[in-house]
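Coordinates in review
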Amino acid sequence: MNSGTRLSQALSDPQLGARLVAAIRAEAAALPPVSIMEVCGTHTVAIRRSGIPGLLPPSVRLVSGPGCPVCVTPNETLDQAIALAGIAGVTVASFGDMLRVPGTRSSLAQARARGADVRVVYSPLDAVALARAEPRRKVVFLAVGFETTAPTVAAALLSAQDVSNFYLFSAHKLVPPALRALFARPDFAVDGLLLPGHVSAIIGADAYRPLADERRIPCVVAGFEPGDVLLSILMLLRQMRRRASEVEIEYRAVVSGPGNRTAQEIMARVFQPEASRWRGLGEIPESGLALRPAFAERDARAVFDILPQESREPAGCRCGEVLVGAVRPPECPLFGTACDPAHPVGPCMVSSEGTCAAYHRYGG
Amino acid sequence: MKVVERKGEMGTVEQAGVRREVSFAMLPDAAEGDFVLIHAGFAIQTLNEEEARATLDLIREVAAAGEEDG
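How each quantity is defined
- Residues numbered from 1 in each chain as written.
- Chains lettered and ligands numbered in written order.
- Predicted model: local features only at pLDDT ≥ 70, side-chain atom pairs only at ≥ 80, totals over all residues.
- Heavy atoms only, no water.
- Contact = heavy atoms within 4.5 Å.
- Buried area = accessible area lost by both parts, 1.4 Å probe.
- Salt bridge = Lys/Arg side-chain N within 4 Å of Asp/Glu carboxyl O.
- Helix = DSSP H or I, 4+ residues; strand = E, 2+ residues; numbered from the N terminus.
- Nonpolar A, V, L, I, M, F, W, Y, C, P; charged D, E, K, R; others polar.
- Phe/Tyr/Trp six-rings, centres within 6.5 Å; stacked < 30°, edge-to-face > 60°.
- Buried < 20%, exposed > 50% of the residue type's maximum accessible area, 1.4 Å probe, protein only.
- Lys NZ or Arg CZ within 6 Å of the ring centre and 35° of its normal.
- Lys, Arg positive; Asp, Glu negative; His and termini not counted.
- Disulfide = S-S within 2.5 Å.

1. Remarks on the interface of chain B and chain A
- Taken together, the contact between chain B and chain A spans 30 residues of the former and 38 residues of the latter.
- Taking both sides of the interface into account, the surface hidden between chain B and chain A amounts to around 2900 Å²; carbon and sulfur atoms contribute 70%.
- If you sort the residues of chain B by the area they bury against chain A, Met26, Ile59 and Val62 of chain B come out on top, with a joint share of 20%.
- For the interface between chain B and chain A, the tally reads one salt bridge.
- Broken down by element, the residue count for the side of chain B that touches chain A peaks at twelve residues, all from helix α1 (residues 49-69) of chain B.
- Each residue belonging to the side of chain B that touches chain A can be placed in one class, and the counts come to 18 nonpolar, seven polar and five charged.

Structural data, given as structure tokens:
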């Protein structure tokens, strides 16, 4: 057993958890009702799985945010990827969750069933390896993900400079601009942010300071064990009582103020920010990543004729509202009836990090 | 996961007897014996044991304080 395992065991110790809950109750008693947004989909799953919402006092409400990369990818992107997969000689590769998301007319998995060459990869390096192994195919990697994934894709591309049949379709999204867009919504009422652990391992906690200052919002970068989440909630409540708006780091094992500078440099060498459309949030300036002009030959959007699609979000699906914390999954009329993990209508029910999938699996 | 071998930009990590080949492009200074966080085939950050212990100490401190108050 290594020290990491020992730590994670301690962080999921129910006795310590119970005492943290007692401390949270004491803190919450001195505050008006508050809402805390867990921004990251992995946190949503961890929180639901461990039953944390049921342990909190009723005055502390957890709201899920736009932190599931597959979920925030709009149908337009998906429809374009499906169109790409329909071009003779083209192979589309992506992460598994992307395949089952219903696009406007079909999913990537359904396109594959109709004969398109669609592959699941675990790492962007696998997509590069696929292109090397099959030089007569044009391999397009549909790159979704936040700042945790974007540098892995950038590094994979840099390692594939000699692989002339490897292309990127970048649909990456950036977390801080999305948070900024959330706060600009008139109906957005959140008192504290539980910030993503792995995104922050790359971009660093300092990346959120401008937002915390500007919006006077308490922030804590949290780890993923129940003890991490409970301690982070406690830290947020304590900030609220002090009327502070700091960016604190609970997940100190892997998150620092500046983050991983090597990863940031790799990402900046390959990508530049661009306006990007999010499911639920619409178009947000500087919230996506486009390949820099030096990589135009590898850019699927420059190389292939990706026609604009007549894309629609699924009828009745409230995924977009779930992603901004405006609606909880059980408030959607399709939740658990027309839409479940076996027959998902929207991406929030498909992705392993999706809020609807987490509520469905672990209860609301 | 624990780094068991480094070879140029690549390396091998291990957890519970399962070994995997990952890229260290983002973590060039990681050494054998370090614990690293893996994402999509890449080592993305080193686990800082001292900082991890500090978090645990903080939790224990809060828990102990709660006991006294309660």
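Don't stop here, the text continues.
2. Examining the packing of aromatic side chains
Residues and elements named next belong to chain A.
- Per the counting criterion, the structure on display carries five aromatic pairs over all chains.
- Between tyrosine 167 and phenylalanine 304, the aromatic rings sit 5.1 Å apart at their centres with planes inclined by 75°, giving edge-to-face as the arrangement. Here the residue tyrosine 167 occupies a position in strand β6 (residues 166-170), and phenylalanine 304 occupies one in the loop between α16 (300-303) and α17 (319-323), the gap between them amounting to 137 residues. In this pair, the class of tyrosine 167 matches that of phenylalanine 304, namely buried.
- Note on phenylalanine 224 and tyrosine 251: the rings are 5.7 Å apart at their centroids and 90° apart in plane angle, and the pair reads as edge-to-face. With a gap of 27 residues between them, phenylalanine 224 in the loop between β8 (219-221) and α14 (226-242) and tyrosine 251 in the loop between β9 (247-249) and α15 (261-270) connect regions that are remote in the sequence.
- Between arginine 298 and the ring centre of tyrosine 167, over which it is positioned, the NZ or CZ distance is 5.4 Å.

3. Overview of helix α3 (residues 41-49) of chain A
All names here are of chain A.
- Most of α3 is tucked away, with seven of its nine residues classed as buried.
- Listed in full, the buried residues belonging to α3 are Gly41, His43, Thr44, Val45, Ala46, Ile47 and Arg48.
- Positive backbone phi, at 70°, marks glycine 51, one or two positions downstream of α3.

4. Section: the side chain of aspartate 228 of chain A
- By the secondary structure assignment, aspartate 228 of chain A is in helix α14.
- No salt bridge forms around the buried aspartate 228 of chain A; measuring N to O, its nearest opposite-charge neighbour arginine 252 of chain A is 10 Å away.
- Here aspartate 228 of chain A is in contact with Leu11, Gly223 and Glu250 of chain A together with Thr55 of chain B, once residues within four sequence places are set aside.

5. Regarding the state of the cysteines
Residue and element names in this part refer to chain A.
- By the definition in use, this model includes two disulfides over all chains.
- Disulfide partner of cysteine 68: cysteine 71, at an S-S distance of 2.2 Å. The sign of the S-S torsion, about 70°, decides the handedness of the disulfide formed by cysteine 68 and cysteine 71: right-handed. Comparing cysteine 68 with cysteine 71, the two get one shared label, buried.
- There is a disulfide in this structure between cysteine 319 and cysteine 348, and the S-S distance comes to 2.1 Å. What sets the handedness of the cysteine 319 and cysteine 348 disulfide is the S-S torsion sign, and at about 75° it is right-handed. One end of the pair, cysteine 319, is in helix α17; the other, cysteine 348, is in helix α18 (residues 347-350), and 29 residues separate them in sequence.
- Accessibility expressed as a relative area gives 3% for cysteine 319, which makes it buried.

6. A few points about unusual backbone geometry
- Backbone geometry at arginine 216 of chain A places phi at a positive 50°, although glycine is not the residue there.
- The exposure class of arginine 216 of chain A is exposed, given its relative accessible area of 55%.
- The phi dihedral of alanine 40 of chain B is positive, around 50°, even though this residue is not glycine.
- As for its position among the elements, alanine 40 of chain B is in the loop between β4 (36-39) and β5 (42-46).
- With relative accessibility at 7%, the residue alanine 40 of chain B sits in the buried group.

7. Brief notes about the pattern of salt bridges
- Across all of its chains, the model carries 18 salt bridges over all chains by this definition.
- A salt bridge links glutamate 49 of chain B to arginine 53 of chain B, with the shortest nitrogen-to-oxygen separation between them at 3.8 Å. Taken together, the residues span about one helical turn, with glutamate 49 of chain B and arginine 53 of chain B both in helix α1 at a distance of four residues.
- Assessed through its relative accessible area of 34%, glutamate 49 of chain B is described here as partly exposed.
- Given a relative accessible area of 47%, arginine 53 of chain B falls into the partly exposed group.
- If you follow the salt bridges from partner to partner, you end up with Asp117, Arg119, Glu134 and Arg137 of chain A in one network.

By themselves, these are just geometric observations and shouldn't be taken as functional.
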